[in-house]
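# Structural characterization, general
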Amino acid sequence: MPGFVRIVAALGLVAQLTGCGGSGYQADARLLGLVARAEFGRAREVLALQTPDADRHNDLLYATKRGMMALAEGLPDAADRDFEIVFETLRTQGLNADRTTESIFVNEEGVRIWKGEPFEQAMAYAAIALTDASRGDWGNARASAVNALFHLREYDETGSDTGDFGYRPVVSDFALGYLLKGIAALEMFRREEAEEELANAVASDAALAPVRDVLLAGNYDTILVIDYGFAPRREAVGAGGVAVRYFPRTRSDNAAVAVSFAGTTRRFPQACDVNTMAHDARWQSRESIRRFKQGLGEAMVLGGLVLASTGGTDGDDDIARLAAGAGLMLLGAIAQSNSRADTRHNELLPQRVYVVPLMLDGYSGPVRVQVDNRADSLMTLHGLHLRDPGETVLRYVRLPSARVEWAAADRVLYANDATGALPEPTLPWILGGRDARFPTQEVVHDAERAGLEVFSTTDPITDTLGEIRELYRAEGIRLFPPGDTRLVTGHLFEGGHSLFTPLPGTTGFTRLFARQHTPYQPKTNQLRNFLAQHMHNTPAAETLREEVTP
Amino acid sequence: MRRLWQSDRDCGRERAKERSGVALCVFVATAIALSAAIGCATPPPQRTTRLADADLTQAVLTVREQLAESAFLRSRDETSPEARLVVRRVENLSTDRIAIAEQWSLVLRLLAAPNTQELLQNKRIVVQLPPEKVRLLERGGLRFDEFAQESWPTHMLKAQIASATRAGSLAGSRDADVRKEYYLLSFAIEEIQSRELVWQGTTEVAREVRGSVID
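Let me sum up the structure you'll find in this document. (Residues numbered from 1 in each chain as written. Chains lettered and ligands numbered in written order. Predicted model: local features only at pLDDT ≥ 70, side-chain atom pairs only at ≥ 80, totals over all residues. Heavy atoms only, no water.)

## Description of the environment of Val171 of chain A
All names here are of chain A.
- Along the polypeptide, Val171 turns up in the loop between strand S2 (166-170) and helix H10 (175-187).
- Judged by its relative accessible area of 57%, Val171 falls in the exposed class.
- Here the alpha-carbon distance between Val171 and Glu154, two residues 17 residues apart in the chain, equals 9.7 Å.
- Those residues in contact with Val171 that lie beyond four places of it in its chain are His151 and Tyr178. (Helix = DSSP H or I, 4+ residues; strand = E, 2+ residues; numbered from the N terminus. Buried < 20%, exposed > 50% of the residue type's maximum accessible area, 1.4 Å probe, protein only. Contact = heavy atoms within 4.5 Å.)

So this is what it looks like as structure tokens:
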């Protein structure tokens, strides 16, 4: 075969093979839209429908996102279910050890278990710490914060004279991790440790000195950890897509967060900028492996090409050389095409985080939070004063990044298990009222005062309570008593099947109870009949009576 | 073409080579099958330094023995004034997440064994419900009377898990590939009035795992 034909054939083969690198991970735009509007309940439903891939390579990614959304919704118990998986996986060493050889010839996304870049791991540990702290479990919050403070590696140029470059371990500069550990230590009466950790936070970011001072002075009874925006998009760039670059979804700036209550406004600096972390080489880990694959692939293709196009003109030696050359090119092409960067990333991470210690001192009104110069980020928090005596409350608050009307609502519109009954008695939600509490005798008493007729001659309240619980069950609604939210799904207010109250002082609480919802429409005749029999003095009951009368 | 020129002797050698090749293949296949079978039988290597349930069980057994032989218990008998022991859940100062239920169970397991219960009764030690459990039961509808002063607890059983982490690179790679966790589990009984530490039991657990810490 003439050498020229061989080279053309070989190049054709290489060109074809290098095109099979895969299109890469795509962030879910619908999910991002829901989170931007603080619709965390719906985001949870979208995530619940995501089926794991057969090889379970993305389980950690999915679990982290589910946990984050449950936390944002004000459901730390539900978040804990996923975060326990996350913690266990992050603490598992050598997760991809058996996949290194394989990943030379197969695209990383196809073979490696996603564990995230170091900054994504640190943020995941921080989210777990916040989940525990939201429940007042400071010991576990401290444990997760400690795990977020792993050593980083920094390019070491000290050996440049001898040409002996390398990496050296450096202590973390994750100020958010230090702050969380310091707060947990304070709550566990470990002052010395707290002072050390808060000093580390300030050493990482001097702007945090005022936050440290408030914490160490003990001048707080409430801590808000506020997230805003989205972490950057990860894309494959460069020759063969071997390198990754992060493109901001939310641009960085130094804007403070303003917190307003009782006629005063205070401003707090950022504790974390994920854009900055993503661009910092110390917070990344695997690019060199891909560069190795790309370099190896190039060398193999070139070597194969030389081998195949040289040699004699006839005989077995020539055929063998051609075959070896083609084989080498093939392997090189595969390695090269699969050196494309793994673009999986946690798109639901925030762009920035604020840590805000406040002294509410009995103030029970709404608290407004807004990032300076970002009008869409406004959020009004309700029920932050609710706590056991002497308890420090930590709440995680995820701000919207798109305008939502209900964010400014300064009144709770529905009775719930946190803030309790409304000033005026109302009917349970299922009976067309505004009471979304777990049904108890108190709820039935309020319903009676709101016009519900109870008939039983023995114990009317208890009997009616039993009937109401049965009606919820018949309508396919699961009731979750306060403090038992591990298994909640979508809220009844938003078309879901669970009745629960998220933690007060969270975005999820505001969206559910300070936003106007369409009244409940009965699905079963059992409920229609109940309404027709027990509600005589309301127009709604008249309509229902007409509906159920044949 | 070259094969046509081979002599009979060469063909004989060729067949012998083939036979030995087949034998080698059978040997290799058997070795692989055996190693796979052995591999299936051995438990998978530990890949995390988190505390395992077996660690906690062993720790409880060790400390239970320490309590049974303690000077505090030896100094008491059926005629001693009643000691009312209230239990606190484990304080987690480790790098591991320990579920709250597990934090309670670890302390309660120390007292739960039948012989320990009997021992405590013989020493006139009464174990009281912790306040958190009382609140939980009250939320479920049970009602408890206010504690009279003569029922106030006299002693408190506390426990703590602390840990220290060491990580490094064995292979000389850029990232840490070995991590060792030293856990110290300690239990203590304090007399509430005097704040005196009347008993302390400790045990240690170490776990080492190899493999990239970050990946």
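## Digging into the nonpolar core
Residue and element names in this part refer to chain A.
- Within the largest apolar cluster, 138 residues are counted, with the highest numbers of intra-cluster contacts made by Phe174 and Leu431.
- Among the elements that make up this core, the one with the highest residue count is helix H8 (residues 118-134) (11 residues).
- For this core, the two domains that each supply at least three residues are domain 1 (29-286 + 342-355) and domain 3 (429-548).
- For Phe174, the residues in contact, after removing those within four places along its chain, are Ala122, Met123, Ala126, Ala148, Leu149, Ser204, Cys272, Met277 and Trp283. (Core = buried A, V, L, I, M, F, W, Y, C linked by side-chain atoms within 4.5 Å. Domains from an automatic or database assignment.)

## Considering the interface of chain B and chain A
- Facing 30 residues of chain B, the contacting portion of chain A comprises 35 residues.
- Roughly 2700 Å² of surface becomes buried between chain B and chain A when both sides are summed, with 39% attributable to carbon and sulfur atoms.
- Counting across the interface, chain B meets chain A through six salt bridges.
- Of the charged contacts, one joins Arg91 of chain A and Glu181 of chain B as a salt bridge, the two residues approaching to 3.4 Å between their closest N and O atoms.
- Taken together, the links from chain B to chain A amount to 19 residue pairs in polar contact (both at pLDDT 80 or more).
- Mapped onto the side of chain B that touches chain A, the elements with two or more residues apiece are strand S2 (91-93), helix H4 (100-112), strand S5 (178-191) and strand S6 (196-210) of chain B.
- The element best represented in the side of chain B that touches chain A is S5 of chain B, accounting for four residues. (Buried area = accessible area lost by both parts, 1.4 Å probe. Salt bridge = Lys/Arg side-chain N within 4 Å of Asp/Glu carboxyl O. Polar contact = N/O pair within 3.5 Å; in protein donor to acceptor, adjacent residues only side chain to side chain.)

## Section: a nonpolar patch on the surface
Residues and elements named next belong to chain B.
- Residues Leu129, Leu137, Leu142 and Phe144 make up a contiguous nonpolar surface patch of roughly 340 Å² in combined accessible area.
- For Phe144, the position within the fold is in the loop between helix H6 (131-139) and strand S4 (155-168).
- What makes Phe144 partly exposed here is its relative accessible area of 35%. (Patch = residues over 30% accessible without salt bridge, like charges linked within 9 Å, V, L, I, M, F, W, Y side chains within 5 Å. Areas by Shrake-Rupley, 256 points an atom, 1.4 Å probe, with all protein chains shown as cover.)

## Structural notes on the pattern of salt bridges
All names here are of chain A.
- Per the counting criterion, the structure on display carries 47 salt bridges over all chains.
- In this structure, the salt-bridge partner of Arg66 is Asp82, at a minimum N-O distance of 3.0 Å. Here Arg66 is found in helix H4 (residues 59-72), whereas its partner Asp82 is found in helix H5 (residues 76-90), with 16 residues between them in sequence.
- The exposure class assigned to Asp82 is buried, which follows from its relative accessible area of 13%.

## Some points on the sheet that holds strand S9 (residues 352-358) of chain A
All names here are of chain A.
- Read across the sheet, four strands follow the order S8-S9-S3-S12 without closing on themselves; strand pairing throughout is mixed. Here the strands that pair on one side only, and so sit at the sheet edges, are strand S8 (270-273) and strand S12 (393-398). The mean angle between the axes of side-by-side strands here comes to 15°, regardless of whether they run parallel or antiparallel.
- Of the pairings in the sheet, the one linking S8 to S9 comprises three bridges and is antiparallel in character. The residue bridging Cys272 from the neighbouring strand is Val353, located in S9. (Pairing = 2+ DSSP bridges. Axes fitted to C-alpha atoms, helices over the stretch in contact; angles between N-to-C directions.)

## Observations regarding unusual backbone geometry
- A positive phi angle is found at Phe189 of chain A, which is not glycine, with a value near 60°.
- Relative to the helices and strands, Phe189 of chain A is located in the loop between H10 and helix H11 (191-204).
- For Arg124 of chain B, which is not a glycine, the phi torsion comes out positive at approximately 55°.
- Take Arg124 of chain B: it is sitting in the loop between helix H5 (114-122) and strand S3 (125-128).

## Some details on the side chain of Asp227 of chain A
All names here are of chain A.
- Mapped onto the elements, Asp227 comes out in strand S3 (residues 222-228).
- Among buried charged residues, Asp227 stands out as having no salt bridge; its nearest opposite-charge side chain is Arg398, 4.6 Å away.
- Sequence-distant contacts of Asp227, defined by excluding residues within four places in its chain, comprise Pro350, Arg352, Val353, Tyr396, Val397, Arg398 and Leu399. (Lys, Arg positive; Asp, Glu negative; His and termini not counted.)

## Comments concerning H4 of chain A
Residues and elements named next belong to chain A.
- In a regular helix each residue adds 1.5 Å, so 14 residues correspond to 20 Å; H4 covers 20 Å between its end C-alpha atoms and thus fits that length.
- Every buried residue belonging to H4 is among Leu60, Leu61, Tyr62, Ala63, Thr64, Lys65, Gly67, Met68, Met69, Ala70, Leu71 and Ala72, and all of these are buried.
- The inward-facing, buried residues of H4 abut helix H2 (29-36), helix H3 (40-49), H5, H8, S12 and helix H18 (507-513).
- Just past H4, the residue Gly74 takes up positive phi, approximately 90°. (Expected span 1.5 Å × (residues − 1).)

## Quick word on the pairing of strand S1 (residues 83-87) of chain B
Residue and element names in this part refer to chain B.
- By the criterion of burial, S1 is predominantly enclosed, with five of the five residues buried.
- Burial along S1 is two-sided: the face carrying Ala83, Leu85 and Val87 and the face carrying Arg84 and Val86 are both buried.
- Here S1 pairs with S3 via four bridges, running parallel. Paired with Arg84 across the two strands is Val126, which belongs to S3.
- As paired elements, S1 and S4 share three bridges and run parallel to each other.

## Comments concerning the packing of helix H9 (residues 138-148) of chain A against H10 of chain A
Residues and elements named next belong to chain A.
- Running from N to C, H9 and H10 point in directions that differ by 155°, and their axes come no closer than 8 Å. On the basis of their axis angle, the class for H9 and H10 is roughly antiparallel. For the element pair H9 and H10, the recorded crossing hand is left-handed. Across from Trp138, Arg142, Ala145 and Val146 in H9, the residues of H10 making contact are Gly177, Leu180, Lys181, Ile183, Ala184 and Glu187. (Parallel < 35°, antiparallel > 145°, perpendicular 65-115°, else oblique. Left-handed = near helix turned anticlockwise from the far one by under 90°.)

## What about the packing of aromatic side chains?
All names here are of chain A.
- Overall, the coordinates contain 10 aromatic pairs over all chains when judged by the stated rule.
- An aromatic cluster is built from Tyr414, Trp429, Phe493, Phe509 and Phe513, whose rings are joined through pairwise contacts.
- In this structure, Arg434 packs its charged tip against the face of Tyr414, placed 4.9 Å from the ring centre. (Phe/Tyr/Trp six-rings, centres within 6.5 Å; stacked < 30°, edge-to-face > 60°. Lys NZ or Arg CZ within 6 Å of the ring centre and 35° of its normal.)

## Notes on empty space enclosed by the protein
Residue and element names in this part refer to chain A.
- Considering all chains together, one arrives at five cavities of 30 Å³ or more under this definition.
- In this model, the largest cavity occupies a volume close to 90 Å³.
- Taken together, 13 residues make up the lining of the largest cavity; nearest its centre are Met123, Ala127, Leu130, Asp227 and Tyr396.
- Elements with a contribution of two residues or more to the lining of the largest cavity: H4, H8 and S3.
- In terms of residue class, the lining of the largest cavity is made up of 12 nonpolar, no polar and one charged. (1 Å grid on protein atoms, 1.4 Å probe; cavity = no way out; pocket = protein on both sides within 12 Å on 5 of 7 lines; lining within 4 Å. Points joined across faces, edges and corners; volume = space filled by probe spheres on them. Nonpolar A, V, L, I, M, F, W, Y, C, P; charged D, E, K, R; others polar.)

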